[in-house]
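# What the coordinates show
Below are the chains, spelled out letter by letter.
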Amino acid sequence: MRVYWPTTLTELARVVPTGTLAPAPVPVHAVTPALRDWYADADPRDLEEELEYVALGDAAERSLRALAAEGGRRRVVVALDVPETAAAADRGSWTDAQRSRVDLRVPLELGQVVSVHVDDAEAEPDVAAALAALPAADAGDEAARERVEDVEGHELLWYDATELPLLLALG
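Let us look at the structure shown here. None of these values were measured; they are calculated from a predicted model.

About the cut-offs
Residues numbered from 1 in each chain as written. Predicted model: local features only at pLDDT ≥ 70, side-chain atom pairs only at ≥ 80, totals over all residues. Heavy atoms only, no water. Helix = DSSP H or I, 4+ residues; strand = E, 2+ residues; numbered from the N terminus. Rg over C-alpha atoms; globule rule 2.2 N^0.38 Å. Buried < 20%, exposed > 50% of the residue type's maximum accessible area, 1.4 Å probe, protein only. Areas by Shrake-Rupley, 256 points an atom, 1.4 Å probe, with all protein chains shown as cover. Lys, Arg positive; Asp, Glu negative; His and termini not counted. Charge placed at Lys NZ, Arg CZ, Asp CG, Glu CD. 1 Å grid on protein atoms, 1.4 Å probe; cavity = no way out; pocket = protein on both sides within 12 Å on 5 of 7 lines; lining within 4 Å. Points joined across faces, edges and corners; volume = space filled by probe spheres on them. Nonpolar A, V, L, I, M, F, W, Y, C, P; charged D, E, K, R; others polar. Axes fitted to C-alpha atoms, helices over the stretch in contact; angles between N-to-C directions. Parallel < 35°, antiparallel > 145°, perpendicular 65-115°, else oblique. Left-handed = near helix turned anticlockwise from the far one by under 90°. Contact = heavy atoms within 4.5 Å. Polar contact = N/O pair within 3.5 Å; in protein donor to acceptor, adjacent residues only side chain to side chain.

Quick look at the overall build of the protein chain now. Along its length, the protein chain carries six helices and eight strands. Element order for the protein chain, N to C, with α for helix and β for strand: β-α-β-β-α-α-β-β-β-β-α-α-β-α. Taking 171 residues into account, the globule formula puts the C-alpha radius of gyration at 16 Å, and the protein chain, at 16 Å, falls close to it. Dimensions of the protein chain, computed from C-alpha atoms along their principal axes, come out at roughly 45 × 40 × 30 Å. The buried share of the protein chain, reckoned over its 171 residues, is 42%. Of the roughly 8,900 Å² that the protein chain leaves accessible, carbon and sulfur atoms contribute 53%. The centroid of the 15 positive side-chain charges in the protein chain is displaced by 5 Å from the centroid of its 33 negative side-chain charges.

Empty space left among the atoms is revealed by rolling a probe the size of a water molecule over them. In total, this model carries one cavity of 30 Å³ or more according to the counting rule given. Lining of the largest cavity is provided by Gly 57, Ala 60, Glu 61, Leu 64, Arg 75, Val 148, Val 151 and Glu 152. Examining the composition of the lining of the largest cavity, we find that four residues originate from one element, helix H3 (residues 47–70), more than from any other. Looking at the lining of the largest cavity residue by residue, the classes come out as four nonpolar, one polar and three charged.

Looking now at unusual backbone geometry. The amide bond that connects Ala 24 to the next residue, Pro 25, takes the cis arrangement and shows omega of -10 degrees. Tracing the sequence through the fold places Pro 25 in the loop between strand E2 (20–22) and strand E3 (26–29).

Moving on, we come to the packing of helix H4 (residues 124–138) against helix H5 (residues 142–150). Closest axis-to-axis distance for the H4/H5 pair is 8 Å, and the angle between their directions is 140 degrees. In terms of axis orientation, H4 runs oblique to H5. The two elements H4 and H5 meet at a crossing, and its hand is left-handed. Contacts between H4 and H5 pair Ala 130, Ala 133, Leu 134, Ala 136 and Ala 137 from the former with Ala 144, Arg 145, Arg 147 and Val 148 from the latter. Looking at the contact of H4 with H5 residue by residue, the class counts come to seven nonpolar, no polar and two charged.

Right, let's talk about the packing of H3 against H4 for a bit. Interhelical geometry of H3 versus H4 gives an angle of 95 degrees and a closest axis separation of 10 Å. The orientation of H3 with respect to H4, classified from their angle, is roughly perpendicular. Here H3 contributes Leu 64, Arg 65, Leu 67 and Ala 68 to the contact with H4, which in turn contributes Val 127, Ala 130, Leu 131, Leu 134 and Asp 138. Its residues assigned to classes, the contact of H3 with H4 comprises seven nonpolar, no polar and two charged.

Here the focus is the side chain of Arg 75. Relative to the elements of secondary structure, Arg 75 occurs in the loop between H3 and strand E4 (76–81). When its relative accessible area of 4% is taken as the criterion, Arg 75 is described as buried. In terms of polar contacts, Arg 75 uses its side chain to reach the backbone carbonyl oxygen of His 154, at 3.2 Å. Contacts of Arg 75, omitting those with residues within four sequence positions, involve Ala 60, Ser 63, Leu 64, Leu 67, His 117, Val 118, Asp 119, Val 127, Val 151, Glu 152, His 154 and Leu 156.

Encoded structure:
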């Protein structure tokens, strides 16, 4: 099962040397029944790839919230392959990023990493604006919510798992 773990570069640099990225239970994003229901009208030929892209985007939104607590400037999502039995039942909600959220009963291990997805430098001003707008957006301010959504226009760069040490070295 492919899962998407929202994190930050600072957190990755801290946990990669240990080999365990996150202890169980760990919230991640994946293709869930609720997400499938959400996209019931999608073209079935492209459905699986589209659903994975949405789960990745939901994880990127959670990474933005982690950045708010840390002060970083780039969203990070790690894609991992875990056993199907590792996932607890999904929450089944259709609200926001909850549609793809699952809790894993096992820790995330470095050996499970398939790829790492990170904002490029061009996204940093929009990430900073989104971070500044988060409190107002959460309070219902529509203009602030739009600023937060602007960051979604930036595609995360893709790095192979073997590039993780280089990515961390470059920061």
